[in-house]
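Chain by chain, the residues:
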Amino acid sequence: MLGVVRDGRTCPDTASRQALAAQLGFSETVFVDDPERGVVDIYTPGLRLPFAGHPLVGAAWLLDLEAVNPPAGEVWARQDGEFTWITARAEWAPPRRLERYASPAEVDALPAPPPGEGWLYAWAWQDEAAGRVRARAFPRRDDGIVEDEATGAAALLLTAELGRALNITQGRGSQILTAPGPDGTIEIGGRVRLAAPVPLPVPATH
């Protein structure tokens with residue numbers, strides 16, 4: 001799940017945005033500061049992110065723009081009728097530990113979260129020749145997100161490490177496609193489904 005606040009003016013500063021992201025409890029919440037230029041600001045329940053793939057795919061689809069602009073830089077976007085694609089660079093992605101397992105069954109059997117510290121992206125080949133991957137993502141930070149259902153930044157890093165296009169099944173069934181470009185960029189694609197709008201929580205008063 002992803003939250004998008006279409007009018008960023010409702011939360012004009014970092015503190016109010018971080019508080020709302022924590023209150024909503026989504027893996028990420030995007031604040032749209034300029035819907036025409038695609039200027040966006042991204043928060044997890046506990047921190048602000050310069051780049052995140054899953055939120056930018058969702059925001060690009062919702063705003064129907066050719067580019068979105070998170071703090072990391074301009075991210076080109078396109079839609080092919082089924083998938084929404086963004087183009088990004090691996091160096092924009094926050095660090096993650098990418099750990100390969102012997103089989104998809106081992107990935108599926110991991111507890112949520114696995115023991116240890118730090119962001120973990122657990123993956124295994126489902127079909128190496130076809131580029132099909134099974135993955136699960138565990139932030140392992142104290143913000144209430146035990147497992148991330150779709151992680152474009154981790155998919156970006158794995159694609160850069162392996163140097164090939166991937167078809168990733170993550171979490172309970174999210175599908176993420178990737179395609180390396182000739183200029184060091186990587187495209188990330190996913191399907192987007194719009195849920196019913198949710199009214200913003202009313203701030204507590206004292």
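Residues numbered from 1 in each chain as written. Predicted model: local features only at pLDDT ≥ 70, side-chain atom pairs only at ≥ 80, totals over all residues. Heavy atoms only, no water.

Here we come to the pattern of salt bridges. Taken as a whole and assessed by the stated rule, the structure comprises 12 salt bridges. With its nearest N and O atoms 2.9 Å apart, the salt bridge here joins Arg 17 to Asp 41. On the criterion of sequence distance, the pair formed by Arg 17 in helix 1 (residues 14–24) and Asp 41 in strand 3 (residues 39–43) is long-range, its members being 24 residues apart. The partner of Asp 41 in a salt bridge is Arg 48, with the nearest N and O atoms 2.7 Å apart. (Salt bridge = Lys/Arg side-chain N within 4 Å of Asp/Glu carboxyl O. Helix = DSSP H or I, 4+ residues; strand = E, 2+ residues; numbered from the N terminus.)

In a beta sheet, neighbouring strands pair by backbone hydrogen bonds and run either parallel or antiparallel. Overall, mixed pairing links the 4 strands, which are arranged 1-2-3-4 in an open sheet. Each edge of the sheet is formed by a strand with only one pairing partner; in this case those strands are strand 1 (2–5) and strand 4 (48–49). Two strands pair when backbone bridges link them, and strand 2 (residues 28–34) and strand 3 are joined in this way by 5 bridges, in the antiparallel orientation. Bridging from a neighbouring strand, Asp 34 pairs with Val 39 of strand 3. On the sheet, helix 2 (residues 53–63) packs against strand 1, strand 2 and strand 3 and is oriented at approximately 45° with respect to strand 2. (Pairing = 2+ DSSP bridges. Contact = heavy atoms within 4.5 Å. Axes fitted to C-alpha atoms, helices over the stretch in contact; angles between N-to-C directions.)

Let's shift gears to the nonpolar core. Core analysis: the largest hydrophobic core is formed by 40 residues, its most contacted members being Phe 51, Leu 56, Ile 86, Tyr 121, Val 133, Leu 156 and Ile 168. Ranked by residue count, the leading element in this core is helix 4 (residues 152–162), at 6 residues. Once residues lying within four places of it in the same chain are set aside, the contact partners of Phe 51 are Ile 42, Leu 56, Ala 72, Val 75, Ile 86, Ala 88, Trp 92, Ala 93, Pro 94, Ala 153 and Leu 156. Judged by nonpolar contacts, the second largest core, of 7 residues, contains Tyr 101, Val 107, Ala 124 and Phe 138. (Core = buried A, V, L, I, M, F, W, Y, C linked by side-chain atoms within 4.5 Å. Buried < 20%, exposed > 50% of the residue type's maximum accessible area, 1.4 Å probe, protein only.)

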